[in-house]
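Given next are the chains, with one letter for each unit.
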Amino acid sequence: MKRITYITLAVLLAAFTFNCSNDDDNMMGDMDNTNQPSEPDFSGTYMQEDQVARPAVNTVFTSPSSKDMFNMTIPSEQGAAFQSMFQTNLEGLSPAYANPGDMNALGLDSATFTGLLATDVLNVSLDGTTTFYDGTNVLTGRALADDVITVELLLIFGGEDFTENPTLSNDHVDANDKPFLTSFPYLASPW
Amino acid sequence: MKKTKWILGIGLLAVAGFFLVAADHIDAPAVQGGSSDITDFYAFQGENTNNIVFAANVMGLLSPTATADAMFDESVLIEFNIDNTGDNVEDLVIQAIPRDGKMYFFGPASPGTTGLSSTILTNNMLGSVDISAYGSAAMTNSYNGAMMFAGPRDDPFFMDFAQYSEIIAGNASGFNDPGSDTFAGTNVLSVVVEVPKSSVGGSGTINTWVETKRKQ
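Analysis parameters
- Residues numbered from 1 in each chain as written.
- Chains lettered and ligands numbered in written order.
- Predicted model: local features only at pLDDT ≥ 70, side-chain atom pairs only at ≥ 80, totals over all residues.
- Heavy atoms only, no water.
- Helix = DSSP H or I, 4+ residues; strand = E, 2+ residues; numbered from the N terminus.
- Buried < 20%, exposed > 50% of the residue type's maximum accessible area, 1.4 Å probe, protein only.
- Contact = heavy atoms within 4.5 Å.
- Polar contact = N/O pair within 3.5 Å; in protein donor to acceptor, adjacent residues only side chain to side chain.
- Pairing = 2+ DSSP bridges.
- Axes fitted to C-alpha atoms, helices over the stretch in contact; angles between N-to-C directions.
- Salt bridge = Lys/Arg side-chain N within 4 Å of Asp/Glu carboxyl O.
- Phe/Tyr/Trp six-rings, centres within 6.5 Å; stacked < 30°, edge-to-face > 60°.
- Lys NZ or Arg CZ within 6 Å of the ring centre and 35° of its normal.
- pLDDT = per-residue confidence, 0-100.

## Topic: the environment of Ser118 of chain B
Here is step 1: Take Ser118 of chain B: it is sitting in strand β6 (residues 117-118).
Here is step 2: You can call Ser118 of chain B buried: its relative accessible area is 4%.
Here is step 3: Sequence spacing of Ser118 of chain B and Leu77 of chain B is 41 residues, and the spatial spacing of their C-alpha atoms is 8.9 Å.
Here is step 4: Among all residues touching Ser118 of chain B, those that are not within four sequence positions of it are Gly44, Thr45 and Tyr46 of chain A together with Leu77, Glu79, Gln95 and Lys213 of chain B.
Here is step 5: A distance of 2.6 Å separates a polar atom in the side chain of Ser118 of chain B from a polar atom in the side chain of Lys213 of chain B.

So, in structure tokens, the structure goes:
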């Protein structure tokens with residue numbers, strides 16, 4: 001319940017965030033084209049093929065025949081279109097969710113959890129720590145080192161206190177195979 | 001107990017159906033393995049805490065030998081979407097598109113129209129950066145506090161997907177401890193852009209996602 005309050009608060013905060021964008025501060029005319037005789041061709045219309053926000057949502061919760069449709073549904077319409085499917089599939093994955101009152105460690109029951117997931121946007125805080133989940137902060141971004149799969153496994157299989165189905169709720173791969181950089185561009189050099 | 005096992009078995013069968021490949025790698029038939037297939041999206045506070053970083057990866061599971069020849073597709077626009085009014089509709093976008101060895105960035109700026117169709121915001125060019133070559137140092141560029149990168153990187157995603165397959169095949173009842181990162185040693189093509197927080201809303205929570213869009 002506390003967590004629901006937190007998430008509601010986050011949504012309200014988002015709703016009250018003003019658009020402080022001032023294009024003049026960021027739009028530079030000095031494109032890097034000193035050696036180019038003319039600007040490249042940027043004309044035309046571009047149509048959507050894929051979209052991603054939170055990790056693994058389409059992969060895990062969308063039924064196989066609907067995955068392309070999920071990628072072509074704008075986020076503001078995803079909840080209405082996919083929450084019910086997500087709930088069915090969540091309860092298929094983790095049958096305990098079908099029990100009345102059953103919740104995950106965020107205090108979300110099957111309907112509420114899938115309602116959150118079905119609108120596939122990544123919530124990002126502009127006020128501090130940005131993490132998928134670090135034990136304290138929930139859904140304030142996604143950092144490179146976040147163990148998002150274990151977090152999702154725990155939320156799917158781990159029950160109210162992360163103790164249920166221990167053999168399924170942690171893949172025990174807790175970090176990347178190369179260290180990340182502390183400075184831009186942050187991602188490690190390729191193999 | 002028997003029933004518990006049976007239910008668990010059904011659950012694992014369901015896992016087999018849903019966990020095709022982790023994160024968003026090869027998530028859907030229309031895009032899988034192609035130049036518009038996004039693998040992962042990240043958004044986090046920059047080293048300079050006044051900045052926010054957006055990173056998107058495409059073309060996952062590149063072996064080192066395949067990485068040098070992997071290229072961004074000039075017909076595919078990568079578009080970061082930012083909703084800062086809480087309605088899950090983009091108020092701002094940051095666009096990235098390659099042309100002749102450079103990645104060009106536009107925004108953050110209001111899109112002409114929201115939704116599935118986009119045009120490139122040529123009046124709002126942020127800048128460009130040489131696409132980094134495999135085996136060379138990362139090329140980065142910065143303009144007025146914004147930073148840009150495009151090129152091959154180690155896939156930052158990690159998961160024991162192989163053990164999932166073993167569980168699914170009935171050869172294992174759970175994960176190993178320690179597990180083994182199936183994505184170790186594989187690369188992706190990355191686009192990373194860092195902008196001042198003030199350019200995307202300043203404070204509070206924003207809702208973000210990334211799209212690939214193909215020129216018609």
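## Thoughts on the pairing of strand β7 (residues 125-130) of chain B
All names here are of chain B.
Here is step 1: A large share of β7 lies buried, amounting to five of its six residues.
Here is step 2: Strand direction decides the pairing type here: strand β5 (residues 102-109) and β7, joined by five bridges, are antiparallel. Bridged to Tyr104 within β7 is Ser128.

## Here's the deal with the sheet that holds strand β2 (residues 51-62) of chain B
Residues and elements named next belong to chain B.
Here is step 1: Pairing is antiparallel in the open sheet, where five strands are placed in the order β1-β2-β10-β9-β8. Since the sheet does not close on itself, it has two edges, and those belong to β1 (38-45) and β8 (141-143), each with one partner. Each strand axis lies, on average, 15° off the axis of its neighbour in the sheet, ignoring direction.
Here is step 2: Bridge analysis of β8 against strand β9 (residues 146-154) gives three bridges, and the strand direction is antiparallel. In the strand pairing of β9, Tyr143 is matched with Ala146.

## Focus on the pattern of salt bridges
Pairing between side chains becomes possible if they bear opposite charge and their charged atoms approach one another.
Here is step 1: Applying the stated rule across the entire model yields seven salt bridges over all chains.
Here is step 2: For the salt bridge of Asp40 of chain B with Arg142 of chain A, the shortest nitrogen-to-oxygen distance reads 2.7 Å. Separated into two different chains, Asp40 of chain B in strand β1 and Arg142 of chain A in the loop between β2 (122-125) and α7 (148-157) make up a pair that spans both.
Here is step 3: Taking the relative accessible area as the measure of exposure, Arg142 of chain A reaches 1% and is therefore buried.

## Overview of the packing of aromatic side chains
Two numbers describe a pair of aromatic rings. These are the distance of the centres and the angle of the planes.
Here is step 1: Under the counting rule described, the total for this entry stands at 13 aromatic pairs over all chains.
Here is step 2: Between Tyr133 of chain A and Phe162 of chain A, the aromatic rings sit 6.3 Å apart at their centres with planes inclined by 85°, giving edge-to-face as the arrangement. A residue pair is termed long-range when its members are at least 10 positions apart, and Tyr133 of chain A in the loop between β2 and α7 and Phe162 of chain A in the segment after α7 qualify at 29 residues.
Here is step 3: When its relative accessible area of 25% is taken as the criterion, Tyr133 of chain A is described as partly exposed.
Here is step 4: Ring plane angle 80° and centroid distance 5.9 Å describe the contact between Phe184 of chain A and Tyr186 of chain A, whose orientation is recorded as edge-to-face. Both residues of the pair, Phe184 of chain A and Tyr186 of chain A, count as buried.
Here is step 5: By the ring-pair criterion, three or more aromatic residues cluster together here, those being Phe61, Phe70, Phe82 and Phe86 of chain A.
Here is step 6: Note that Arg142 of chain A overlies the ring of Tyr42 of chain B, its terminal NZ or CZ placed 4.0 Å from the centroid.
Here is step 7: Sitting over the face of the ring of Trp191 of chain A, Lys178 of chain A holds its NZ or CZ atom 4.6 Å from the ring centroid.

## Section: the pairing of β2 of chain B
Here is step 1: With respect to burial, β2 of chain B is a largely interior element, ten of its twelve residues being buried.
Here is step 2: Counted along the chain from β1 of chain B to the antiparallel partner β2 of chain B, the turn is five residues long.

## Some remarks on the confidence of the model for chain A
Residue and element names in this part refer to chain A.
Here is step 1: The pLDDT averaged across chain A works out to 85; a share of 80% of its residues lies at or above 70.
Here is step 2: Across chain A, the element-wise mean pLDDT spans from 40 in helix α2 (residues 23-26) up to 98 in β2.
Here is step 3: For the stretch residues 1-30, pLDDT sits under 50, and the model shows 48 contacts to residues farther than four places along the chain or on other chains.

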